[in-house]
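# A structural walkthrough
What follows is each chain in one-letter form.
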Amino acid sequence: MSATSTALDDHERRVLDLVRSSRRRIREELAKRIIGQEHAVEQLLIALYAGGHCLITGAPGLAKTLLVKSIAQLFQLKFQRIQFTPDLMPADITGTEILQEDESGRRHLTFVRGPIFCQVLLADEINRTPPKTQAALLEAMQELQVTAAGQRYRLEPPFFVLATQNPIEMEGTYPLPEAQLDRFMFNVVVDYLPLDDEVAVVQRTTARGGEDIQPVLSGDDVLAIHDLVRSVPVAEDLVRYAVQLAAASRPRQPHTPAFINEHVSWGAGLRAAQFLILGAKARALLEGRAHVTVDDIRQLAAPVLRHRILTNYRAEAAGVTVEQIIGRLIETVKAPTG
C-alpha cells in the first residue's frame, strides 16, 4: 500500500472510504452523550482501530464508564461490564462448570460462559481486585482465548479490554503488575473538563433523557479496519524513530540520556515501539491519510509510554513526573526529517 489511496486494491479503498466517511458520524453520535474529552476519545478510537486494549485512568465521576459504553454502541459490539471488587474470583470472569442433568437422567458438567465472552469488556476499577483475578484477563487479552477446566474457548473477535482505575485512592487496591500493564496499548488519562464543558454536562444530565446513540460500524467493519491499519506504509526511518524513543527510556543503556538514568528505574520494552507504529497507522487513517508522519508518533508517545516508564525515588523527591520525562524524551530523541 503506497502513500496514496490510488495504489489500494478495491477492498482496501472501500475500507479507507468507510473510515473517512464514518469519522464525522462518529463524532456526531458521541456528542449526544459525551462533552469534551477529545484527546481521550481519539486515543480510544485509535486503539480500537489498531486492535489494542486500553487502560483508562481518571478520578471518579468523569464519565469513564459512559465513554466506554457509548463507544461500544457506536461499533455495534457486544458489551459487558465487570465491577472489580476484592472478593472477585477468576471464575466470576471466565466462567465455570456446573453439574447438569439431561433428559435421560445422566449428569454431566457443562461450561457456563462468564462475562468475558463479549467484544468490548469494561473492567471497572481493575486495581480493586487481587492479582490472581487480574491475571484471568491476561490470557484473553493476549491470546484471544480462555482456558477453563483444561479446555480452551475462543473469544469472538474483535475483542477489546477497556479497564479503568482510580489514580488517587490507593488504600485497598492492588496495582497491576508490569507484565499486565504492558499488554495495554494505551494508558488514556481522563481529566477534569473546562468550566464551560462542565456547565454543559450538568445542564444535559439534569434535563430529560437525550437521544440514543446509533451504530456507525459493525464488528466486521472493525476487523476490516484492523487489516487496513496493518497495510498502511511506514518509512524505515520512522520505525527507527519509534524504536529509539522506546529505547531511550531505558536506564543504564549505552545511549540513554542522563535524565533517564537519574529519574527512571525501568523503561519501555519492545512492545512500546510496536504500539507506537500501530497507533500511528490508525491515527493516519483517522486523519484521512494513508501514510504515517512523525507527528503521528509524537502525539501517541504519552499514552503509549506513561504506563511503561517507572520513576524512582529521586524523581519523586524532585517532583519529576512521567509526563515531564516523556516530554523531554520527545525533545531529546532526534526525529527524522524529509
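Residues numbered from 1 in each chain as written. Predicted model: local features only at pLDDT ≥ 70, side-chain atom pairs only at ≥ 80, totals over all residues. Heavy atoms only, no water.

The name recorded for the protein chain in an unreviewed UniProt entry is MoxR family ATPase, from Schlesneria paludicola.

Now for the nonpolar core. Counting residues in hydrophobic clusters, the biggest one holds 80 residues, and the most contacted among them are Tyr49, Phe75, Phe186, Ile297, Leu305 and Leu329. The biggest single contributor to this core is helix 12 (residues 270-286), with eleven residues. Among the domains, domain 1 (10-205 + 216-231) and domain 2 (233-337) are the pair contributing at least three residues each to this core. What Tyr49 contacts, discounting residues up to four positions off in sequence, is Val19, Ser22, Ile26, Phe75, Leu217, Ile225, His226, Val229, Ala282 and Leu286. Counting 26 residues, the second-largest nonpolar core is a separate cluster that includes Ala123, Phe159, Ala163 and Phe184. (Core = buried A, V, L, I, M, F, W, Y, C linked by side-chain atoms within 4.5 Å. Buried < 20%, exposed > 50% of the residue type's maximum accessible area, 1.4 Å probe, protein only. Helix = DSSP H or I, 4+ residues; strand = E, 2+ residues; numbered from the N terminus. Domains from an automatic or database assignment. Contact = heavy atoms within 4.5 Å.)

To continue, consider the pairing of strand 6 (residues 145-148). Relative to strand 7 (residues 151-154), strand 6 is paired through four bridges, and the arrangement is antiparallel. Its bridge partner being in strand 7, Gln145 is matched across the sheet by Arg154. Here strand 6 folds back onto strand 7 in antiparallel fashion, the turn holding two residues, of which Ala149 has a positive phi close to 55°. (Pairing = 2+ DSSP bridges.)

This part is about the domain arrangement of the protein chain. Taken as a whole, the protein chain is organised into domain 1 (10-205 + 216-231) and domain 2 (233-337). Distance between the C-alpha centres of domain 1 and domain 2: 24 Å. Between domain 1 and domain 2, the residue contacts involve 25 residues of the former and 20 residues of the latter. It is Asp182, Met185 and Val229 in domain 1 that bury the most area against domain 2; as a group they hold 23% of the surface buried on that side. In this structure, the connection of domain 1 to domain 2 is made through four salt bridges. Residues Glu42 and Arg283 are paired through a salt bridge, measuring 3.7 Å at the closest nitrogen-oxygen approach. (Buried area = accessible area lost by both parts, 1.4 Å probe. Salt bridge = Lys/Arg side-chain N within 4 Å of Asp/Glu carboxyl O.)

Structurally, the position occupied by His53 is in strand 1 (residues 53-57). Given the relative accessible area of 6%, His53 is considered buried. Among the polar contacts made by the side chain of His53, one reaches the main-chain carbonyl oxygen of Met141 at a distance of 3.0 Å. Residues in contact with His53, not counting those within four places in the same chain, are Met141, Phe159, Phe160, Val161, Arg183, Phe184, Met185 and Phe186. (Polar contact = N/O pair within 3.5 Å; in protein donor to acceptor, adjacent residues only side chain to side chain.)

Between helix 2 (residues 38-50) and helix 9 (residues 219-231), whose axes approach to 7 Å, the crossing angle comes to 85°. When the axes of helix 2 and helix 9 are compared, the pair comes out roughly perpendicular. Together, Leu48, Tyr49 and Ala50 of helix 2 and Val222, Ile225, His226 and Val229 of helix 9 make up the contact between the two elements. Residue classes in the contact of helix 2 with helix 9 are distributed as six nonpolar, one polar and no charged. (Axes fitted to C-alpha atoms, helices over the stretch in contact; angles between N-to-C directions. Parallel < 35°, antiparallel > 145°, perpendicular 65-115°, else oblique. Nonpolar A, V, L, I, M, F, W, Y, C, P; charged D, E, K, R; others polar.)

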